[in-house]
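One-letter residues, chain by chain:
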Amino acid sequence: MTTKAFVIGHPIAHSRSPLIHGTWLAEHKIDGTYEAIDVAPADLPAFFERLRSGEFAGGNVTIPHKEAVFALCDEVDPLARTIGAVNTLVARDGKVFGTNTDYLGFFGNLDAEAPGWSDGPNDAIVIGAGGAARAILVALRRRNGGKVHVLNRTLANAQALVEVIDGPFEAHGFEDFAALAGHTGLVVNTSSIGMHGTRFDWLDMSLLPKNSLVTDIVYTPLVTPLLEDAAAHGLQTVDGLGMLLHQAAPGFSAWFGVEPKVTPELRARVEATLGH
Ligand code: NAP
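Residues numbered from 1 in each chain as written. Predicted model: local features only at pLDDT ≥ 70, side-chain atom pairs only at ≥ 80, totals over all residues. Heavy atoms only, no water.

Student: Kindly report on the site of the ligand, identifying the contributing residues and their values.
Tutor: Taken together, 21 residues lie around the ligand, and Ala-129, Ala-132, Asn-152, Thr-154 and Asn-157 are the ones closest in. With respect to the ligand, the backbone of Ala-129 contributes an N or O atom lying 2.8 Å from an oxygen atom. At 2.8 Å, a backbone N or O of Ile-217 approaches a nitrogen atom of the ligand. For the ligand, the accessible surface in isolation is 940 Å², of which the surrounding protein chains cover 68%. Mapping the ligand onto the cavity grids shows that it belongs to the largest pocket. Within the residue set of the shell around the ligand, elements represented by two or more residues are helix 5 (131-143), strand 11 (193-196) and helix 9 (241-256). Taken together, the residues of the shell around the ligand sort by class into 10 nonpolar, 10 polar and one charged. (Near = heavy atom within 4 Å. Polar contact = N/O pair within 3.5 Å; in protein donor to acceptor, adjacent residues only side chain to side chain. Areas by Shrake-Rupley, 256 points an atom, 1.4 Å probe, with all protein chains shown as cover. 1 Å grid on protein atoms, 1.4 Å probe; cavity = no way out; pocket = protein on both sides within 12 Å on 5 of 7 lines; lining within 4 Å. Sits in = over half its atoms within 2 Å of the grid points. Helix = DSSP H or I, 4+ residues; strand = E, 2+ residues; numbered from the N terminus. Nonpolar A, V, L, I, M, F, W, Y, C, P; charged D, E, K, R; others polar.)

Student: Got a sec to walk through the side chain of Asn-100? Specific residues and values, please.
Tutor: Within the secondary structure, Asn-100 sits in the loop between strand 6 (95-99) and helix 4 (102-113). Classification of Asn-100 by relative accessible area gives buried; the value is 2%. Among the polar contacts listed, one links the side chain of Asn-100 to the backbone oxygen of Ala-85, at a separation of 2.8 Å. Within polar-contact distance, the side chain of Asn-100 engages the backbone nitrogen of Asp-102 at 2.8 Å. (Buried < 20%, exposed > 50% of the residue type's maximum accessible area, 1.4 Å probe, protein only.)

Student: Please give an account of the layout of surface pockets that cites residues and values.
Tutor: Size it by volume and the largest pocket reaches roughly 1400 Å³. What lines the largest pocket is a set of 44 residues, among which Ile-63, Lys-66, Ala-132, Ile-217 and Tyr-219 lie closest to the centre. Contributing elements (two or more residues each) for the lining of the largest pocket: helix 1 (17-27), strand 3 (58-61), helix 5, strand 11 and helix 9. The dominant element in the lining of the largest pocket, judged by the number of residues it contributes, is helix 5, at four residues. Of the residues in the lining of the largest pocket, the class split is 18 nonpolar, 20 polar and six charged. Counting residues domain by domain, the lining of the largest pocket receives three or more from each of domain 1 (3-100 + 247-271) and domain 2 (104-239). (Points joined across faces, edges and corners; volume = space filled by probe spheres on them. Domains from an automatic or database assignment.)

The following block contains the structure:
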């Protein structure tokens, strides 16, 4: 029987998930499908009934449903609760289990592109305090030995974030960058700065130690001004596309029973859709 999976969102046309999962299905010659389904918020409960009926093995959840599905799942992984968003659903025996794989995508990307990135106890700077920052803090809590400084335009949002997520985290405004930079090994941008070429005018790369790693989870454009600037200062950089690819893998293995690989071919196929 054909195994079916999906990504639901509203709208959903922009999603690159069908390309990622479609590539893996073809590569592994699996009798399966992965389709993008536009589900309006009011239709979510009815969609969950289809899921419970066994029509699908599971699927991904994107904007605007990542929070709303909490109430509809039979069980939600505690980490997804901490992150405050579900991006992956698995249906089994008439029940729906919700989880979040974004933090795994973040690890997967850095492990592949910057092996050893979490070996030493590094202090880190995380820029941004929105939904994505929550997943990154959960990731860093697991793998980064040092302190994590969360810098945000609105200090109150950074303060709220470090109160919700337990860990060695401190909230700051952007103006603290200069004082913190000298003992930072990792800079992660999780804010939307960088999309469409917007840049940080306060971030002086020359203050970072020469062995620092700078990564951006924004991937449109692929090389954000932050990464461009870091590379120009001789710092190691990792772009955000790998996070998108690696976060997809755990769902694929849960639905189709095969652990897929993030290959250069897959990356090139998705990169070709970014329009740069
Ligand atoms: P969000 O919840 O809306 O948070 C946006 C963050 O950006 C907030 O911290 C906000 O600061 C800050 N910000 C927005 N405009 C700003 C500006 N002009 N100047 C300074 N700060 C600004 O968004 P999100 O869901 O966290 O997503 C953030 C980015 O991550 C998006 O570009 C998204 O595409 C990307 N992302 C990538 C992946 C991946 O797989 N690579 C996964 C998830 C998200 P305030 O608190 O001050 O408003």
